[in-house]
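# Survey of secondary and tertiary structure
Given next are the chains, with one letter for each unit.
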Amino acid sequence: GAVDLVLGKPGYSQSFETFVKNKPIIFPTYMRNEYPIVELALKKGFGWYTPKKKDFIELLKKIEKNPKILIKASSNLKKIKFGSCSKELARYLVSKIK
């Protein structure tokens, strides 16, 4: 792919497009209704939340020093198989929204 990592708001459409492509993601912010996406990425180890510029820069430096971090995050993402588990993912999101 053209990118190794995505920086973006955790909107459902953008996030799932990113996940289906097995790209780890950094979330700089989120709205209350988007928190389940952030929580899923953090819990499953394929995303980061960096609310401060300093946090974002530190994460990028850490990844630059150790590219295996991205490999691990991509591997964690592939375990979920977003392209074939829409029912499982929908159940998870509904449980978090309730």
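Residues numbered from 1 in each chain as written. Predicted model: local features only at pLDDT ≥ 70, side-chain atom pairs only at ≥ 80, totals over all residues. Heavy atoms only, no water.

Our next topic: the overall build of the protein chain. Scanning the protein chain from N- to C-terminus turns up five helices and three strands. Going from the N terminus to the C terminus, the protein chain shows its helices and strands as β-α-β-α-β-α-α-α. For the protein chain, with 98 residues in total, the buried portion stands at 38%. The long-range fraction of contacts in the protein chain, counting pairs at least 24 apart against all pairs at least 6 apart in sequence, stands at 43%. (Helix = DSSP H or I, 4+ residues; strand = E, 2+ residues; numbered from the N terminus. Buried < 20%, exposed > 50% of the residue type's maximum accessible area, 1.4 Å probe, protein only. Contact = heavy atoms within 4.5 Å.)

This next bit is on the pattern of salt bridges. Opposite charge on two side chains allows them to pair when their charged atoms are near. For the structure on display, the rule yields one salt bridge. Between Glu 34 and Lys 9 there is a salt bridge, with its nearest N and O atoms 2.3 Å apart. One end of the pair, Glu 34, is in the loop between strand E2 (25-27) and helix H2 (35-44); the other, Lys 9, is in the loop between strand E1 (6-7) and helix H1 (12-20), with 25 residues separating them in the sequence. Relative accessible area serves as the criterion here: at 3%, Glu 34 is assigned to the buried category. (Salt bridge = Lys/Arg side-chain N within 4 Å of Asp/Glu carboxyl O.)

We now examine the side chain of Lys 23. Mapping Lys 23 onto the fold places it in the loop between H1 and E2. The buried charged residue Lys 23 lacks any salt bridge, with Asp 4 as its nearest oppositely charged partner at 5.1 Å. Among the polar contacts listed, one links the side chain of Lys 23 to the backbone oxygen of Val 3, at a separation of 2.9 Å. (Lys, Arg positive; Asp, Glu negative; His and termini not counted. Polar contact = N/O pair within 3.5 Å; in protein donor to acceptor, adjacent residues only side chain to side chain.)

Before going further, it helps to examine H1. Side chains three or four residues apart in an α-helix point the same way, a direct result of the helix having 3.6 residues per turn. Of all the residues in H1, the buried ones are Ser 15, Phe 16, Thr 18 and Phe 19. Down the axis of H1, the buried set is contained in an arc of 155°. They therefore lie on one face. Exposed residues lying more than 90 degrees from the buried face of H1 are Ser 13 and Glu 17. Directly after H1, the chain includes Asn 22, whose backbone phi takes a positive value near 60°. (Arc of directions from axis to C-beta.)

This part covers the environment of Pro 24. Residue position: Pro 24 is located in the loop between H1 and E2. Through-space distance from the C-alpha of Pro 24 to that of Trp 48 is 8.4 Å; in sequence the pair is 24 residues apart. Aside from chain neighbours lying at most four places away, what touches Pro 24 is Asp 4, Leu 5, Val 6, Thr 18, Phe 46, Trp 48, Leu 70, Ala 73, Ser 74 and Leu 77.

Attention now moves to the nonpolar core. In this structure, Phe 16, Phe 19, Ile 25, Phe 27, Ile 37, Phe 46 and Leu 93 are the most contacted members of the largest nonpolar core, which totals 14 residues. Breaking this core down by element, the ones donating at least two residues are H1, E2, H2, helix H4 (68-80) and helix H5 (86-97). Of the residues forming this core, the biggest block, four residues, is contributed by H2. (Core = buried A, V, L, I, M, F, W, Y, C linked by side-chain atoms within 4.5 Å.)

For the rest of this paragraph, the subject is unusual backbone geometry. When glycine is set aside, most residues are seen to have a negative phi, and most peptide bonds are trans. With phi around 60°, Asn 22 is a residue other than glycine that occupies positive phi space. Topologically, Asn 22 is positioned in the loop between H1 and E2. The class for Asn 22 is partly exposed, based on a relative accessible area of 25%.

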